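Here is what each chain is made of, one letter per residue.
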Amino acid sequence: MKTIEVGLGDRSYNVHVGQGVRGMLAEVIPDEARRVAVITQESIPWAVDPGVEQLEVIVPPGEAAKTMATVESVCRRLAEWGCTRGDVIVAVGGGVVTDLAGFVAAVYHRGIRFVSVPTTLLAQVDAAIGGKTGVNLPEGKNLVGAFWQPSAVLCDTDTLDTLPPREFLSGTGEVAKYHFLGGGALDQLDLSDRVAACVQLKADVVAADERETGSRAVLNYGHTLAHAIEIVGGYDLRHGEAVSIGLVYAAEVARLLGRIDVQRVGEHRQVLEAYGLPSALPEALESEELLNLFAHDKKAIDGLTMVLDGPLGVETVVGIDRAVLLQAMSTVR
Ligand code: GLY
């Protein structure tokens, strides 16, 4: 088992990574907690024991759970139960559940404590770490949310054994991203150590810029095209698969801008290939349509903006020429 601290002063917390760590739940529930509300989905096969009285709240399956309507119904269920700031929310599930439950924790009674037990690779290496919580609107993903840090996170790698292969592959897309954020040869590590290394990288980024006023944006490496693919493609590709294509694309844009060389682009392709991740943009997705969405990206602060690799590492680059972005699309077809 490895323990990684997310250092945020008096809101610092530990992320425990390893086999069976969900069994630590009773230990990480704050001593003075009276009761626990476990928010989960029907399809999540993992039971937890918080060691105190618990209420189970089942939310709808899949991404459909991440709505304001679910937030209202969960909050009403908590209110009926008499949930107060003396109680604790525990999220058990993938990123959908940890995002939703974290947001409920942020707004119910103006904020109560929560603990995350992420059960997918994607949630363990990304969604459940760092305090970004929220839900979707019909107009877009994660448009309503709050920064609300958990009290602890339990990344139980046993839960990854039963993940459907495509779900696991999707999480691998986020793991691949960390190779280029200082992670190096993460594929050489066993799964628990790989998850722990990704968590450490994310914890360091979050500790340096919790509210994404600057450097935290590097965590969006590969995500500009990925978000556009998800919207135009109607979510046919999983998030991590779209991130994978977005990573190669970002590398090609960086090459066209003279920030990296062909060899570095090749390193991107090799990492994705080693994990069995896709790197080709499906023909059905039109370049112009994808590009039009870049300007709507939440990160587009100053014209066409992307997170790109370069001599100083991965950083935000603003004001990129549309022609370059279009040309790079053809290199990932
Ligand atoms: N998933 C990106 C972030 O946490 O900032």
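Now for a description of the structure that goes with this document. Since the structure is predicted, the reported quantities are computational estimates derived from the model, not experimental observations. (Residues numbered from 1 in each chain as written. Predicted model: local features only at pLDDT ≥ 70, side-chain atom pairs only at ≥ 80, totals over all residues. Heavy atoms only, no water.)

**Digging into the nonpolar core**
Core analysis: the largest hydrophobic core is formed by 69 residues, its most contacted members being Y249 and F294. Apart from residues lying up to four places away in sequence, Y249 is in contact with L225, F294, M306, L325, A328, M329 and V332. Of all hydrophobic cores here, the second largest spans 25 residues; its members include A65, L78, F103 and A105. (Core = buried A, V, L, I, M, F, W, Y, C linked by side-chain atoms within 4.5 Å. Buried < 20%, exposed > 50% of the residue type's maximum accessible area, 1.4 Å probe, protein only. Contact = heavy atoms within 4.5 Å.)

**Considering the environment of V57**
Mapped onto the elements, V57 comes out in strand β4 (residues 53-59). Considering only alpha carbons, one finds V57 and S192, 135 residues apart in sequence, at a separation of 29 Å. In contact with V57, other than residues within four places in its own chain, are V38, I39, T40, V74 and R77. (Helix = DSSP H or I, 4+ residues; strand = E, 2+ residues; numbered from the N terminus.)

**With respect to helix α2 (residues 68-81)**
Taking 1.5 Å per residue, 14 residues should reach 20 Å; α2 reaches 20 Å between its end C-alpha atoms and fits that length. Every buried residue of α2 is accounted for by T70, V71, V74, C75, L78 and W81. Projected down its long axis, α2 carries its buried residues within an arc of 130 degrees, all on one side. For α2, the exposed residues lying more than 90 degrees away from the buried face are A69, R76 and E80. Those residues of α2 that are buried are in contact with β3 (35-41), β4, β5 (88-93), α3 (95-107) and β7 (132-137). Following α2 by one or two positions, G82 has its phi on the positive side, about 85 degrees. (Expected span 1.5 Å × (residues − 1). Arc of directions from axis to C-beta.)

**Focus on the pairing of β5**
Counting buried residues in β5 gives 6 out of 6 residues, a clear majority hidden from the surface. Along β5, one buried face is formed by V88, V90 and V92 and the opposite face, lined by I89, A91 and G93, is buried too. When β3 meets β5, the two strands line up parallel, connected through 5 bridges. Of the residues in β5, the one forming a bridge with V38 is V90. (Pairing = 2+ DSSP bridges.)

**Structural notes on the site of the ligand**
Taken together, D126, K132, K202, E212, R216 and L219 make up the full set of residues near the ligand. K202 is positioned such that a nitrogen or oxygen atom in its side chain is 2.6 Å from an oxygen atom of the ligand. Contact distances for the ligand include 2.8 Å between an oxygen atom and a side-chain N or O atom of R216. Here the ligand, which alone exposes 200 Å², has 88% of that area covered by the protein. Among the residues making up the shell around the ligand, the classes are represented as 1 nonpolar, no polar and 5 charged. (Near = heavy atom within 4 Å. Polar contact = N/O pair within 3.5 Å; in protein donor to acceptor, adjacent residues only side chain to side chain. Areas by Shrake-Rupley, 256 points an atom, 1.4 Å probe, with all protein chains shown as cover. Nonpolar A, V, L, I, M, F, W, Y, C, P; charged D, E, K, R; others polar.)

**A short note on the layout of surface pockets**
Estimated volume of the second largest pocket: approximately 190 Å³. As for the second largest pocket, its lining consists of 15 residues, and the residues nearest its centre are R11, F147, W148, Q149 and P150. Partitioned by chemical class, the residues of the lining of the second largest pocket number 6 nonpolar, 4 polar and 5 charged. (1 Å grid on protein atoms, 1.4 Å probe; cavity = no way out; pocket = protein on both sides within 12 Å on 5 of 7 lines; lining within 4 Å. Points joined across faces, edges and corners; volume = space filled by probe spheres on them.)

**A word on the packing of aromatic side chains**
Applying the stated criterion across every chain, the model contains 2 aromatic pairs. Ring geometry for F180 versus Y221: centroids 6.4 Å apart, planes at 75 degrees, classification edge-to-face. Taken together, the residues span a long stretch of sequence, with F180 in helix α5 (residues 165-183) and Y221 in the loop between α6 (191-208) and α7 (223-232) at a distance of 41 residues. Neither F180 nor Y221 differs from the other in exposure class; each is buried. A ring pair is formed by Y249 and F294, whose centres lie 6.1 Å apart and whose planes are at 75 degrees; its orientation type is edge-to-face. Residue Y249 is found in helix α8 (residues 239-256), and its partner F294 is found in helix α10 (residues 287-294); the two are separated by 45 residues along the sequence. (Phe/Tyr/Trp six-rings, centres within 6.5 Å; stacked < 30°, edge-to-face > 60°.)

**Here's the deal with empty space enclosed by the protein**
Tallied over the full model, the rule gives 2 cavities of 30 Å³ or more. As a volume, the second largest cavity reaches approximately 50 Å³. Lining the second largest cavity, in full, are T98, F114, S116, A127, A128, I129, G130, G131, K132, T133 and P150. Going through the elements one at a time, β6 (113-118) and β7 are the ones with two or more residues in the lining of the second largest cavity. Looking at side-chain class alone, the lining of the second largest cavity contains 5 nonpolar, 5 polar and 1 charged residues.

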